[in-house]
Amino acid sequence: MEKAPSLIVCEHCDTVYRRRPLARGEVARCAVCDAVLERHQWLGVDGQFALILAAFIVFVIANVSPIVTLGLSGMLADTTLWGAVIAMWRDGAQVVAVLTALTLFFFPLSQILLFGWVLWFARQGRRAPGFREAMSALVRVKPWSMIEVFMLGVLVAVVKAHTYFDVIPGAGIWAFGFLTVLITVFASHDPRNLWDVTAGDAT
């Protein structure tokens, strides 16, 4: 029995294409709306799992380590991300505190855990329990992870604070910087390819 051709559908205009192998660095675009259909996956499932595991370890370090240490007249004070969130809450900026916690902790952690869950089973060529829901949640959570914006804000704040204080970058800020790189690299991979590399119906 002849195998049916692999098809790909543009999620923006619903145009259907026959999938073809992509060369390294090549991107397939829709001829109708120019949306990205698929990117060449230069990292395999095992590599992606190793990357997401590294991101989880760095994420933990970033959240438990001091972001910066401020020094003034021989006195030193440091804070973690959660220390800053609690301080904002106590100062009456509850909305900012909640948004910070969501965009810098809960959403990135959800993204890492969901990817880790589906990749753990994908390494065996299987779809994880709740695969459909996990893939749908990843699409919804991804735009709300704003670690890159946080890094830019911290860098601006450090430059300004350096005028008045001795500013010493902590392990947390380096971890967040490394996490930004890992997330950027991981974002270059299209998670939709997991539908193709895994077999069976999602439960």
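These numbers come from a predicted model, not from an experiment.

So, the overall build of the protein chain
For step 1, the next point in the chain: Helices and strands together make up the secondary structure of the protein chain, namely seven helices and seven strands.
For step 2, the next point in the chain: Each helix (α) and strand (β) of the protein chain, taken in turn from the N terminus, gives the series β-β-β-β-α-β-β-α-α-α-α-β-α-α.
For step 3, the next point in the chain: Counting over 203 residues, the protein chain shows a buried share of 35%.
For step 4, the next point in the chain: Taking as baseline every contact in the protein chain between residues at least 6 positions apart, the subset at least 24 positions apart corresponds to 61%.
For step 5, the next point in the chain: Total accessible area computed for the protein chain in this model is approximately 12300 Å², and 67% of it derives from carbon and sulfur atoms.

Quick look at the confidence of the model for the protein chain
For step 1, the next point in the chain: Of the residues in the protein chain, 74% reach a pLDDT of 70 or more, and the chain-wide mean stands at 76.
For step 2, the next point in the chain: The weakest mean pLDDT in the protein chain belongs to helix 5 (residues 147–161) at 63; the strongest belongs to helix 1 (residues 45–64) at 88.
For step 3, the next point in the chain: The low-confidence segment residues 1–5, where pLDDT is below 50, has one contact with residues more than four positions distant or belonging to other chains.

A word on the pairing of strand 4 (residues 36–39)
For step 1, the next point in the chain: Where strand 3 (residues 27–29) lies against strand 4, three bridges are found, and the strand directions are antiparallel. Residue pairing in the sheet places R29 in a bridge with V36 of strand 4.
For step 2, the next point in the chain: Between strand 3 and strand 4, which pair antiparallel one after the other, the connecting turn spans six residues, and D34 there sits at a positive phi close to 65°.

Considering the packing of helix 2 (residues 81–90) against helix 3 (residues 94–122)
For step 1, the next point in the chain: Between helix 2 and helix 3, the least distance of the axes is 7 Å, while the angle of their chain directions is 160°. It follows from the interaxial angle that helix 2 and helix 3 lie roughly antiparallel. Classified by chirality, the crossing of helix 3 by helix 2 is left-handed. Residues L81, W82, V85, M88 and W89 of helix 2 form the contact with helix 3, whose participating residues are Q94, V96, A97, V98, T100, A101, L104, F105 and F106.

A word on the pattern of salt bridges
For step 1, the next point in the chain: One pass over the full model with this rule turns up one salt bridge.
For step 2, the next point in the chain: The partner of D46 in a salt bridge is R123, and the shortest N-O contact between them spans 3.2 Å. Here R123 lies in the loop between helix 3 and helix 4 (131–141) and D46 lies in helix 1, a separation of 77 residues in the sequence.

Regarding helix 1
For step 1, the next point in the chain: Over its 20 residues, helix 1 extends 29 Å from the first C-alpha to the last, a length consistent with the 28 Å expected when each residue adds 1.5 Å.
For step 2, the next point in the chain: Residues V45, Q48, F49, L51, I52, A55, V58, F59, A62 and N63 constitute the buried set of helix 1.

What to know about the state of the cysteines
For step 1, the next point in the chain: Tallying each qualifying case throughout the model produces zero disulfides.
For step 2, the next point in the chain: This cysteine, C10, is not joined by any disulfide, and C33 carries the nearest cysteine sulfur, 3.5 Å off.
For step 3, the next point in the chain: Note on C13: no disulfide assigned, nearest cysteine sulfur contributed by C30 at a separation of 3.5 Å.
For step 4, the next point in the chain: By relative accessible area, C13 is classed as partly exposed at 27%.

Let's talk about the environment of L37
For step 1, the next point in the chain: Its place among the elements puts L37 in strand 4.
For step 2, the next point in the chain: L37 sits 27 residues away from C10 along the chain, and the two C-alpha atoms are 6.0 Å apart.

A word on the environment of I67
For step 1, the next point in the chain: Counting through the fold element by element, I67 comes out in the loop between helix 1 and strand 5 (68–72).
For step 2, the next point in the chain: Here I67 falls in the buried class, since its relative accessible area comes to 7%.
For step 3, the next point in the chain: When the C-alpha positions of I67 and A175 are compared, they lie 8.9 Å apart, and in sequence the two are 108 residues distant.

Let's talk about the packing of aromatic side chains
For step 1, the next point in the chain: Scanning the model with the defined rule gives six aromatic pairs in all.
For step 2, the next point in the chain: Consider the rings of W82 and F105, whose centres lie 5.1 Å apart with planes at 75°: the pair is edge-to-face. With W82 in helix 2 and F105 in helix 3, this residue pair connects regions lying 23 residues apart in the sequence.
For step 3, the next point in the chain: On the basis of relative accessible area, W82 is assigned to the partly exposed category, the value being 28%.
For step 4, the next point in the chain: Residue F105 is classed as buried on the basis of its relative accessible area of 17%.
For step 5, the next point in the chain: Here W82 and F106 contribute two aromatic rings whose centre-to-centre distance is 6.1 Å and whose plane-to-plane angle is 80°, an arrangement assigned as edge-to-face. With a gap of 24 residues between them, W82 in helix 2 and F106 in helix 3 connect regions that are remote in the sequence.
For step 6, the next point in the chain: A relative accessible area of 39% places F106 in the partly exposed class.
For step 7, the next point in the chain: The ring of W120 has R123 lying over it, and the distance from NZ or CZ to the ring centre is 5.5 Å.

Criteria and cut-off values
- Residues numbered from 1 in each chain as written.
- Predicted model: local features only at pLDDT ≥ 70, side-chain atom pairs only at ≥ 80, totals over all residues.
- Heavy atoms only, no water.
- Helix = DSSP H or I, 4+ residues; strand = E, 2+ residues; numbered from the N terminus.
- Buried < 20%, exposed > 50% of the residue type's maximum accessible area, 1.4 Å probe, protein only.
- Contact = heavy atoms within 4.5 Å.
- Areas by Shrake-Rupley, 256 points an atom, 1.4 Å probe, with all protein chains shown as cover.
- pLDDT = per-residue confidence, 0-100.
- Pairing = 2+ DSSP bridges.
- Axes fitted to C-alpha atoms, helices over the stretch in contact; angles between N-to-C directions.
- Parallel < 35°, antiparallel > 145°, perpendicular 65-115°, else oblique.
- Left-handed = near helix turned anticlockwise from the far one by under 90°.
- Salt bridge = Lys/Arg side-chain N within 4 Å of Asp/Glu carboxyl O.
- Expected span 1.5 Å × (residues − 1).
- Disulfide = S-S within 2.5 Å.
- Phe/Tyr/Trp six-rings, centres within 6.5 Å; stacked < 30°, edge-to-face > 60°.
- Lys NZ or Arg CZ within 6 Å of the ring centre and 35° of its normal.

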